[in-house]
Amino acid sequence: MGRVISIVNQKGGVGKTTSLVEMLFQAGNLGKKCLAVDLDPQSNATKMLTGEEWDPSVYDLLIGQNKALTLRDVVQPASQDWPNVIVLPASKMLGTVEPHLLTRMNRERVLKNLLAPVRDAFDLILIDLPPTVNQLTVNALVASDAYIVPTDVSEYARDGVRTVKDTADAIRESGNNPDLEFIGVFFTSFQKGGAHAVRQLVEDLVDDYGAKVLGTRVPDSVKVTESQKARRPVGALDPEHAVSRAYAQLMEVIL
Amino acid sequence: MNMTPKENSNSKLLDSLIPKSVPAAVAPPEPEIRTGGATAAPEPRERNIAAEIAAESARKKPPEARVTMTIHIPQSLANKIDSAAKKGNLSRNELVRLILEKATA
């Protein structure tokens, strides 16, 4: 059965989407069959992976109003740069999904039920989330086997990670997903040999989470911006780049 | 906004992984509608985890107090710690903490 992993952080701009597309590139190139689930209304992962926006999207499946619509009607193949990757695309309409989910029975399990028929078909299912804690976050964490938290090294990083951890702990304790695993925290936009304040923040997180602070430090690089503009993974633009190597190392931990 | 799937090697993969016949979802059970019955017990309210998280986040835990400790160790041991930290791309403090975590786990 495919492993489902949410990439989550309540804080914005920490590299969740970049991490998703680079992790998919690495896993796909290792021959792993992957499904990307984009739950962020900004749809950046969808645009990056498929080159455009789509209608219908995962929103239509989550609200469940069109009973004839199937998952197969919505999923899309990723661009050639991401071999072995299929995408369940997002749309801006996801920004309005909250009230629809609140009125559904088993509202925390809508995504889990949605993915259940196809879990066996994939080796890895990665979920990208918006920078907030809402019903989409809860649905993703209930549907996941594990979650991983990318974080930048900023003043508010500690709060962001703590909120995610609290959310996951609450989901475990609620009985909705008692086996939810915390893979760990890793750093993005990392400036090597940074100032004392940066080292202090890293140490604070190590204080909080010990060995769950992973060794992966994705360096701060303009290559990520270039990759977004080209809508190609850094791994395809420059496989030997430090960003690519960092994500390759991260996937060794995960797979 | 596109509505037409693109053709590439991933399209073939998609066809092989998710045949067109796979259902969208296993529908969750619909609520039972009860009418009448003066003794019928009220349905338990579903937990709204997202709301609970929001409330919990509002009660922020204060960060743990930090202290500075000076420990005297031989220079050779300090060199070993620095060398191992450099290999692992960690700071001296991070490495010592990780060692302590393992030792006390």
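About the cut-offs
- Residues numbered from 1 in each chain as written.
- Chains lettered and ligands numbered in written order.
- Predicted model: local features only at pLDDT ≥ 70, side-chain atom pairs only at ≥ 80, totals over all residues.
- Axes fitted to C-alpha atoms, helices over the stretch in contact; angles between N-to-C directions.
- Helix = DSSP H or I, 4+ residues; strand = E, 2+ residues; numbered from the N terminus.
- Parallel < 35°, antiparallel > 145°, perpendicular 65-115°, else oblique.
- Left-handed = near helix turned anticlockwise from the far one by under 90°.
- Contact = placed C-beta atoms within 7 Å.
- Nonpolar A, V, L, I, M, F, W, Y, C, P; charged D, E, K, R; others polar.
- Buried ≥ 20, exposed ≤ 12 C-beta atoms within 10 Å, placed from the backbone.
- Pairing = 2+ DSSP bridges.
- pLDDT = per-residue confidence, 0-100.
- Core = buried A, V, L, I, M, F, W, Y, C linked by C-beta atoms within 7 Å.
- Right-handed = clockwise from strand over helix to strand, strands pointing away.

On to the packing of helix α1 (residues 16-29) of chain A against helix α12 (residues 242-254) of chain A. All names here are of chain A. At a minimum axis separation of 9 Å, α1 and α12 run at an interaxial angle of 70 degrees. The orientation of α1 with respect to α12, classified from their angle, is roughly perpendicular. Handedness of the α1/α12 crossing: right-handed. Along the contact surface, α1 presents E22, M23, Q26 and A27, while α12 presents Y247, A248, L250 and M251. Taken together, the residues of the contact of α1 with α12 break down into six nonpolar, one polar and one charged.

Residues and elements named next belong to chain A. Positionally, V243 belongs in helix α12. By the C-beta count within 10 Å, which is 23 here, V243 ends up buried. Separated by 54 residues in sequence, V243 and S189 place their C-alpha atoms 9.5 Å apart. For V243, the contacting residues outside a window of four places in its chain are V218, P219, S221, K223, V224 and V234.

This next bit is on the sheet that holds strand β4 (residues 85-88) of chain A. All names here are of chain A. Taken in spatial order, the eight strands make up an open sheet running β3-β4-β2-β5-β1-β6-β7-β8, and their pairing is mixed. Looking at the sheet topology across the chains shown, the edges are occupied by β3 (76-77) and β8 (213-219). Both strand β1 (residues 3-7) and strand β5 (residues 124-128) contribute to a ladder of five bridges, which runs parallel. Bridge pairing in β5 places V4 opposite I125.

Here Q76 of chain A is to be found in strand β3. A sequence separation of 19 residues divides Q76 of chain A from S57 of chain A, and the C-alpha atoms of the two residues are 9.7 Å apart.

The predicted coordinates of low-pLDDT regions are not to be read in fine detail. Residues and elements named next belong to chain B. For chain B, per-residue confidence averages 70 on the pLDDT scale, and residues scoring 70 or more make up 58% of the total. Segment residues 29-42 is flagged for pLDDT under 50; beyond a separation of four residues in sequence, or across chains, it makes four contacts in the model. Confidence metrics for the complex model read pTM 0.78 and ipTM 0.82.

Our next topic: the pairing of β4 of chain A. Residue and element names in this part refer to chain A. With burial as the criterion, each face of β4 is covered, one bearing V85 and V87 and the other bearing I86 and L88. Here β3 runs beside β4; their pairing, made up of two bridges, is antiparallel. Across the sheet, residue P77 finds its bridge partner in β4, namely I86.

So, on to the nonpolar core. Core analysis: the biggest nonpolar cluster contains 83 residues, and L24, A36 and L126 of chain A have the highest contact counts within it. Setting aside residues no more than four positions away along its own chain, A36 of chain A makes contact with L20, L24, A45, L49, V85, V87, L88, L126 and D128 of chain A.

Take helix α7 (residues 135-143) of chain A next. Of all nine residues that make up α7 of chain A, nine are buried, and the element is covered over most of its length. Among the residues of α7 of chain A, those classed as buried are Q135, L136, T137, V138, N139, A140, L141, V142 and A143 of chain A.

The next point concerns the pairing of strand β7 (residues 181-190) of chain A. Residue and element names in this part refer to chain A. The pairing of strand β6 (residues 146-151) with β7 spans six bridges and is classified as parallel. Residue pairing across strands places A146 opposite E181, the latter belonging to β7. Since β6 and β7 lie parallel, the crossover through helix α8 (residues 157-174) that links them has a hand, and here it is right-handed. Relative to β8, β7 runs parallel, the two being bridged by three bridges. The residue bridging F190 from the neighbouring strand is P219, located in β8.

Residue and element names in this part refer to chain B. For R92, the position within the fold is in helix α4 (residues 92-104). For R92, a count of 14 C-beta atoms within 10 Å puts it in the partly exposed group. Here the alpha-carbon distance between R92 and D82, two residues 10 residues apart in the chain, equals 6.1 Å. Not counting chain neighbours up to four residues away, the residues in contact with R92 comprise I81, D82 and A85.

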